[in-house]
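Here's the letter readout for the chains.
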Amino acid sequence: MRLVEGLNPKQKEAVLQTEGPVLILAGAGSGKTRVLTHRIAYLIQEKNILPWKILAITFTNKAAKEMRERVDQLVGKGAEEIWVSTFHSACVKILRRDIDKIGYNRYFTIYDTGDQKSLIKECLKELNYNEKNYPVSYVLGEISNQKNELVSASDYEKNSAGDFRKEKLANIYKLYQKKLESNNALDFDDIIFKTVELFIYHPEVLEYYQNRFEYIMVDEYQDTNTAQYKLVKLLASKHHNLCVVGDDDQSIYGWRGANIRNILDFEKDFKNAKVIKLEQNYRSTKVILDAANAVIKNNFGRKSKALWTENEQGDLIDVRETDNEHDEAEFVANEIVKQIEEEGREYKDFAVLYRTNAQSRVLEEHFIKHAIPYRLLGGVRFYERKEIKDLLGYLRVIQNPSDDLSLKRIINVPKRGIGDTTIGKVEAFASDYDMSFFDAIRDVEIVSQFGRSASKLKKFADLIGVFQVEAQAGSVMELVENILERTGYLKELENENTEESKERIQNIKELISKAADYDQNAEEPSLEGFLEEVSLVADIDNYNEANNAVVLMTLHSAKGLEFPYVFITGLEEGIFPSYMSVVSENEDAVEEERRLCYVGITRARQKLYLCYAKSRMLRGLTQYNRCSRFISELPKDLISIGNKVKKAVDPLAGIRSRNKVLHTYTPYQGAVSKADNSSSENTPLEFECGDLVKHIKFGVGTVEDIRYAGADYEVTVTFPKFGSKKLMARLAKLKLVQ
DNA sequence: CAGAGACTCGAGGAG
DNA sequence: CGAGTCTCTG
């Protein structure tokens, strides 16, 4: 049979075992995506299962898209009818049909973390609780944990009786939930929770989906939380054809409610479950795999599993100590340049991984200096930028006028003379009459009591009304353009005419093109569809491996990806493993960090670099951390201690404060000599102090100072937005602006 | 009511 | 160190 050709015996077994509960324990790089896609193809082609009877849940939209494409290649027609999606998008789809049965309407808004925080702040204010005693992020975490465990606000209230603090938290939870409901909004956790609720209170809805999904597959099962577990269990309880794929050693989302017991207890929860282990790794060298195994074996309570490979031995792991984070970044940059020049690699072969997003900054600086193209994942997400959130705020209000939170965000953006006082008054009215903010400002009698502000409020309400009509026409792009135009939002930014406003305009253009893209490619384009897509997109969904650039991301984001060369930076006690996990002395927390390390190591195909710095600047303070325990868990024969990257006797010491540019000793001739050779070294620069120069990333700035620095010139440039920067003129490709 | 400037306070990972 | 908040002034 063509479909199982080229699969190993275990993989074959996993493809053929289509009936009943199946647990596939798939080690890193063991070809599980291959197994899953072939399994789906097998169901359709050999078992004649209709594609729309199959549900496949993946962790990201990107993985879903890939899976669909690969099944498409295998079976040709029909693959588009399979439900392949993430938990969240599958649930939103289900809720759009039937959420009116549980007290919302189908035009509900999805709130992101920022919206949640604003809402919690409103709750604290209303309840007169102090943010010091009930920090927003803590409260949010607590509520999220409850929802992940399917504990409703009233359940929580019952459980909290007698516990003063818990009673207060229960009050916040209750009010928060009430506000979500009146705004016709769901937070991320609600998307799962409400779907489970819908299924439980409306068995006929559940039955419909149970009948429909004869075959269910769930990827990354180790990262499911209790709510997701319940959802899967409900859906599968009729046909019992549930296949879950996961690796307990890669469970890294405990902090957001993932329950590792879901995978460890699968055999108990689903009777007669078949367990198949995929242990042959096709991705990494022996050295890399041995290192991964050596680290992870320090964890207890794992499912027994021994990953092996027929791949070659490979290079030793390069363990590198530097004095500080700048030297670390410099080492990474130089090493990339060296590998590209000497080994003919490409930028896209490299990934640099770190524990926290804050670590990316220094790496970026040095990549820019070396003119290394890079893609940064994480940090401030595109859809969380102010200008984007403002525009989305308009779209949300147009779509869901009950969304008071979004309405309050945009009612005075751009400035139209509706200040906090007026907003407060309207709010008081709205709550007295138990109506939404928008309904209140549309009510002539109410508005007429606002004197000077009345006409402004009316004008705003009319504006939204017009947009609502236009939204019916269908094109999201046109709607966005109309908003920009008629609110004067774009004009305001254009008038500012600063680097910052220009960047905002760029982002807005990006949003317009995303909307245009959506209009063209969506099956049934609609405003709600666009907002949904925007809310559920993850950073990683936009990662495109065809793009020839080094990729920078957190270890968490790297899950599921692979690269020929991988750098893991910041391997220091207190950074990785994180401070939180170390001080808590909670062995579970450290074990999760270790699993994260295992995930990081197993991303590498050919060569792995582990870096740590003796000192590191954090929150403006220099910290001195010991080398990470994970490095000491590596067998000595697998690692080569790289030449320590020493600093030069620096002729400019004392003049420079940051961005140490030169090392007299680098183990090779890096980019410096390249620039040196390609341009005759005594050519004077094309600009001098006071000139305007352009930089790829920082834009246009003024040259303040030029210093001769060996092969190149160190130039101090002040950029309007980024401030003063010291750059190597040729490396940073500074160009004179005429 | 808007804007600028001082200010504090906080800090992990993500859909 | 920097974002977000608060306060003060025009």
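Higher on the page you've got the structure.
Here the residue index of a chain counts from 1 through its sequence in written order. The lettering of chains begins at A and the numbering of ligands begins at 1, in the order of writing. Only residues with pLDDT of 70 or above have their local features reported here, since the model is predicted, and side-chain atom pairs are shown and tallied only from 80 upward, although totals for entire chains, interfaces and linings are computed over all residues. Note that water and hydrogens are dropped before the side-chain values are worked out from all heavy atoms of the structure.

Trainee: Which parts of the structure should I look at to understand the packing of helix H17 (residues 386-399) against helix H26 (residues 527-536)?
Mentor: To describe two helices that pack against each other, one gives the angle between their axes and the distance between the axes. Relative to each other, H17 and H26 sit at 135 degrees, their axes nearing to 10 Å. Of the possible angle classes, the one that applies to H17 and H26 is oblique. The handedness of the crossing between H17 and H26 comes out as left-handed. Contact residues: Leu 392, Leu 395, Arg 396, Ile 398 and Gln 399 in H17; Leu 527, Glu 528, Phe 530, Leu 531 and Val 534 in H26. Its residues placed into classes, the contact of H17 with H26 shows seven nonpolar, one polar and two charged. All axes here are fitted lines through C-alpha atoms, helices being fitted over the stretch that makes contact, and every angle between N-to-C directions spans 0 to 180 degrees. Under the scheme used here, helices are H or I runs from DSSP no shorter than 4 residues and strands are E runs no shorter than 2 residues, and both carry numbers assigned from the N terminus. Roughly parallel means an angle under 35 degrees; roughly antiparallel, over 145; roughly perpendicular, 65 to 115; everything else is oblique. Whether a crossing is left-handed or right-handed is set by the direction in which the near helix is turned from the far one by less than a right angle, anticlockwise for left-handed and clockwise for right-handed. Every residue pair with non-hydrogen atoms within 4.5 Å of one another is taken to be in contact. Polarity classes work like this: nonpolar for Ala, Val, Leu, Ile, Met, Phe, Trp, Tyr, Cys and Pro, charged for Asp, Glu, Lys and Arg, and polar for all others, with Gly in that last group.

Trainee: Would you mind showing me how to read the protein's contact with DNA strand C here?
Mentor: Here a residue counts as near a molecule or strand whenever at least one of its heavy atoms sits within 4 Å of it. Contacts to DNA strand C come from Lys 121, Arg 361 and Gly 620. Definition of a polar contact: a pair of N or O atoms within 3.5 Å, with one able to donate and the other able to accept a hydrogen when the atoms are protein atoms, and with sequence-neighbouring residues admitted only if both atoms are side-chain atoms. The contact in question runs from a phosphate oxygen of DNA strand C to an N or O atom on the side chain of Lys 121, over 2.8 Å.

Trainee: When you look at the protein's contact with DNA strand B in this model, what are you seeing that I'm missing?
Mentor: With respect to spatial proximity, 27 residues lie near DNA strand B, and among them Trp 255, Arg 355, Asn 357, Thr 421 and Arg 619 are the closest. The sugar and phosphate moieties of DNA strand B supply 42% of its atoms located within 4 Å of the protein. Between Trp 255 and DNA strand B, the recorded distance is 3.1 Å, taken from a side-chain N or O atom to a base nitrogen. A distance of 3.0 Å is found between a base nitrogen of DNA strand B and a side-chain nitrogen or oxygen belonging to Ser 578. Those elements giving two or more residues to the surface near DNA strand B turn out to be helix H9 (188-201) and helix H19 (420-432).

Trainee: Could you clarify how one ought to interpret the side chain of Arg 416 in this entry?
Mentor: Following the sequence through the fold, Arg 416 ends up in the loop between helix H18 (404-410) and H19. Three exposure classes are used, based on accessible area relative to the maximum for each residue type with a 1.4 Å probe and protein chains only: buried under 20%, partly exposed in between, and exposed over 50%. For the purpose of charge, His is not counted, nor are the chain termini; Lys and Arg are scored as positive and Asp and Glu as negative. In the sections that follow, a salt bridge refers to a side-chain nitrogen of Lys or Arg positioned within 4 Å of a carboxyl oxygen of Asp or Glu. The buried charged residue Arg 416 lacks any salt bridge, with Glu 492 as its nearest oppositely charged partner at 9.3 Å. Within the structure, the side chain of Arg 416 is placed 3.0 Å from the backbone oxygen of Ile 410, a separation counted as a polar contact. If near-sequence neighbours (up to four positions away) are discounted, Arg 416 is found in contact with Tyr 394, Ile 410, Ile 411, Lys 456, Phe 460, Leu 463 and Thr 487.

Trainee: Please clarify how the packing of aromatic side chains should be interpreted in this entry.
Mentor: Any pair of aromatic rings gets described here by the distance separating the centres and the angle formed by the planes. Think of it this way: a Phe, Tyr or Trp ring, Trp meaning its six-membered ring, pairs with another when their centres are within 6.5 Å, and the plane angle makes it stacked under 30 degrees, edge-to-face over 60, tilted otherwise. Overall, the coordinates contain 22 aromatic pairs when judged by the stated rule. Centre to centre, the rings of Tyr 209 and Phe 213 are 6.1 Å apart; their planes meet at 20 degrees, and the pair counts as stacked. Tyr 209 gets classed as buried once you look at its relative accessible area, which sits at 2%. Exposure remark for Phe 213: the relative accessible area of 1% places this residue in the buried category. Here Phe 576 and Phe 630 contribute two aromatic rings whose centre-to-centre distance is 5.4 Å and whose plane-to-plane angle is 70 degrees, an arrangement assigned as edge-to-face. Of this pair, Phe 576 sits in the loop between strand S15 (563-568) and helix H27 (579-583) while Phe 630 sits in helix H29 (residues 629-632), and the two are 54 residues apart along the sequence. The exposure classification of Phe 576 matches that of Phe 630, with both residues buried. Cluster of aromatic residues (ring-pair linked, three or more members): Trp 83, Phe 199, Tyr 208, Tyr 209 and Phe 213.

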